[in-house]
Amino acid sequence: MASVPRPLTASPAARPAVAPEPWIERTFGRWLPGRTPCRILEFAAGYGRVTRHLVKHLPDHQIVSSDIHPEACRFMASALRCDVRPSCYEPAELNVGSGYDLVFALSLFSHLPPKRFGTWLAALSRATAEQGFLMFTTHGEASMEGASPPAVGRLSKTLGFV
């Protein structure tokens, strides 16, 4: 049986600001300079694998997490004290809000069938602010082979890729 992450005891508002861990600053700080407060969405967050660090180290930002598993959403809302938006199985039905300065999905695209890549990428891009960033991990360019070329092409022209 997998162990459940240890819950935090204080709400983000009750925690004092602490110096960000180096990986948080390297990963998020370079994309969000001068954007305080900003809105950050961790999509497919599980039990808050990254959210738990963001609420601790970026207390001035609005952190929102989303996952498809209701028990994971309940855990993040109660233990991490962050805003939670449930996910869904169909990208067209996704309702996590919009206007996020940063949307990131770690490992989601590594687990999707190739034909779902483009539709989920488009759904997450709709949640991203016009000048925002969409950050995701894949298994490299081969991950996009089954993606719908129009969806990926539209995103690369609209959002650009880094």
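Each value, and the rule that gives it
Residues numbered from 1 in each chain as written. Predicted model: local features only at pLDDT ≥ 70, side-chain atom pairs only at ≥ 80, totals over all residues. Heavy atoms only, no water. Helix = DSSP H or I, 4+ residues; strand = E, 2+ residues; numbered from the N terminus. Buried < 20%, exposed > 50% of the residue type's maximum accessible area, 1.4 Å probe, protein only. Salt bridge = Lys/Arg side-chain N within 4 Å of Asp/Glu carboxyl O. Pairing = 2+ DSSP bridges. Contact = heavy atoms within 4.5 Å. Axes fitted to C-alpha atoms, helices over the stretch in contact; angles between N-to-C directions.

Q: Would you mind going over unusual backbone geometry with me for this structure?
A: Note: most peptide bonds trans; most residues except glycine with negative phi. Residues other than glycine seldom take positive phi values, yet Arg 81 does so here, at roughly 55°. Residue placement: Arg 81 occurs in the loop between α3 (70-80) and β3 (83-84). With a relative accessible area of 43%, Arg 81 lands in the partly exposed category. Notably, Ser 107 is not glycine yet its phi reads approximately 80°, a positive angle. For Ser 107, the position within the fold is in the loop between β4 (100-105) and α4 (108-111).

Q: What should I look at first to understand the pattern of salt bridges in this one?
A: Think of it this way: side chains of opposite charge can pair up when their charged atoms draw near. Summed over all chains, the structure comprises two salt bridges. Note that Glu 90 and Arg 116 form a salt bridge whose closest N and O atoms lie 3.6 Å from each other. Pair noted here: Glu 90 is in the loop between β3 and β4 and Arg 116 is in the loop between α4 and α5 (117-127), with a separation of 26 residues, a long-range link. A relative accessible area of 37% means that Glu 90 is categorised as partly exposed.

Q: Which parts of the structure should I look at to understand the sheet that holds strand β2 (residues 62-66)?
A: Sheet strands pair by backbone hydrogen bonding; their relative direction is either parallel or antiparallel. With respect to topology, five strands assemble into an open sheet ordered β3-β2-β1-β4-β5, the strand pairing being parallel. The open sheet terminates on both sides in strands that have one partner only, identified here as β3 and β5 (128-136). In terms of strand pairing, β4 meets β5 through five bridges, oriented parallel. The partner of Leu 102 across the bridge, within β5, is Phe 133. Sheet strands touched by α5: β1 (39-43), β4 and β5. Its angle to β5, the strand with the most contacts, is close to 140°.

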